[in-house]
Every structure is written in structure tokens, then in C-alpha cells.
Amino acid sequence: MLADIRAVIVDLDGTMVDTLGDFEVALNRTMADLDLPPVDRAAVERTVGKGSEHLIRTLLGQQLARTDVKGVGQACPALTVDALYERAWQRYQHHYLSINGQFADVYPGVESGLRWLKRRGLPMACLTNKPLAFAQGLLAAKGLEGYFSRVFGGDSFERKKPDPLPLLRTCEALSSEPARTLMLGDSQNDAQAARAAGCPVVLVTYGYNHGQPVQQAGADAYLDRLDALDRLLA
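1. A look at helix α7 (residues 165–173)
- For α7, every residue scored as buried is listed here: Leu165, Pro166, Leu167, Thr170 and Cys171.
- Elements in contact with the buried residues of α7: β1 (7–10), β4 (124–127), β5 (150–152), β6 (181–185) and α8 (188–197).

The following block contains the structure:
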């Protein structure tokens, strides 16, 4: 399945860049704006990967459920996720864009792995559930944008991973058949989307997989570093 790869789709958060610090800072500044307690880093790690709306709604729900949050229940029954979401999203965008990439690091082996793929002449696209503006800014901040002919975010298509639609549309953009387009990711979202789209999938072992062992995601192979791809695709 990996012997005839003609194009590559690469996830961003947890695959190329460790962005947990960015998420934590932006979310905690957002929570402070809403007079809510700071979020727990482990909760952020378990929640990232399904898009910003899911991230914000899930963490808002967790914070509002805390017993130390004032105004929940009798005093302020309107303090709900739905009531707070729009303001939270606006504040989150503001804070994330202001620090995008400052608390994030490219994983070891990523740049050498991308260089190797580029030398092979394989067209590459970055496909993430992160909003497109966030993704483009992060790639630019980390010097990775030059490796990709196309970049698509969670707001680029009608649906997000694990739905196969983003992968199918990205394959079209790369003029590549799904069966010959490798998905590189870090989570079951990437694996499920790739399987449904008919793409082979390789997952890295160091990313974010919602608190679950990534080896249970059912990929074709697993890598401890992205530059170990040369052993799979040689």
C-alpha cells in the first residue's frame, strides 16, 4: 500500500508542530476574559484535534461544571456554553492570532522528513482541523509553508476530519488518486478519515490522540519521527 505513493497530505497539530502551549495560553486568556478558571493542560491535550468549535465548547462545558465557578445555577442560570460560546470564540481568535507559534515547537525530525519528501518530488498539502488563518500563520512562523503547494483548514470544507470529505477534496487539489495519497497524522481522526477516503495512513506516536494509545487507531504504520519515512517509502 505504501509502495506507490504519488502525493502526501500532512496534518499539523501533533504531527508537525507541538502546539499545546499555544492552545493553553490562548484558552486561559479566553477563560480569564469570561471570568472562568484556567483550563488544565491535560484536558486541552485530550480535547484538541476536532476543530476549534469542539475545543472551545468542550472546555467551556468543563469549566462551567466546576463547583468553584460563581454564577452557575441559581444566581446566573443564563451562564451556559451556548450563551458564552460566541464571545469565547471571538476572544479565542484574538488571543490565538496574537501568540500563534510563540509557545509551539516543530517536532524533531519534521523538517528533515519534509525535505526528503520534497526531494522525491511528491506534491504535498497540509490538511488540519485548525482554522485556515491559524494554520497559515503557524506554518509561516515555523518556516514550514514552503513545503506545501496547498493548505486547508477546518473551515476550508463543509466538514472536518474524521469525515473523509476534506481528504477527498485535498486529493483532488493535488490531482492524486486517494489510493496513492499518503495521510500523515497523529490521531484516530486522521486514521478514520483516511480509511473512509481510501488513503493509506501513517501515524506518528508522539502527538495528540484524545488520551488514547495511538497504536489502537489502525494505521498502516507508526513512526517515532517523521524523517523515518525514508525506511517506509524507499
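2. Remarks on the environment of Phe157
- Within the secondary structure, Phe157 sits in the loop between β5 and α7.
- Residues Phe157 and Asn129 lie 28 residues apart in sequence; the distance between their C-alpha atoms is 9.9 Å.
- In this structure, Phe157 is in contact with Leu127, Phe152, Leu165, Pro166, Arg169 and Thr170, ignoring residues within four places of it in sequence.

3. Here we look at helix α1 (residues 20–33)
- Given a rise of 1.5 Å per residue, 14 residues ought to cover 20 Å, and the 20 Å separating the end C-alpha atoms of α1 matches this to within 8%.
- Most of α1 is tucked away: ten of the 14 residues are buried.
- Check the buried side of α1 and you find it contacts β2 (17–18), α2 (41–47), α3 (52–64), α4 (81–99) and α6 (132–141).
- Asp35 sits one or two residues past α1 and shows a positive phi near 60 degrees.

Reading the values: the criteria
Per-chain numbering applies: the sequence of each chain, read as written, is numbered from 1 onward. Under the rules for a predicted model, residues below a pLDDT of 70 receive no local features and side-chain atom pairs below 80 are neither given nor counted, while totals for whole chains, interfaces and linings still include all residues. Excluding hydrogens and water, the side-chain values take into account all heavy atoms of the structure. Three exposure classes are used, based on accessible area relative to the maximum for each residue type with a 1.4 Å probe and protein chains only: buried under 20%, partly exposed in between, and exposed over 50%. Each helix is a run of DSSP H or I of at least 4 residues and each strand a run of E of at least 2, with the numbering of both proceeding from the N terminus. Contacts are assigned to residue pairs that have any heavy atoms within 4.5 Å of one another. A helix is expected to span 1.5 Å for every residue after the first.

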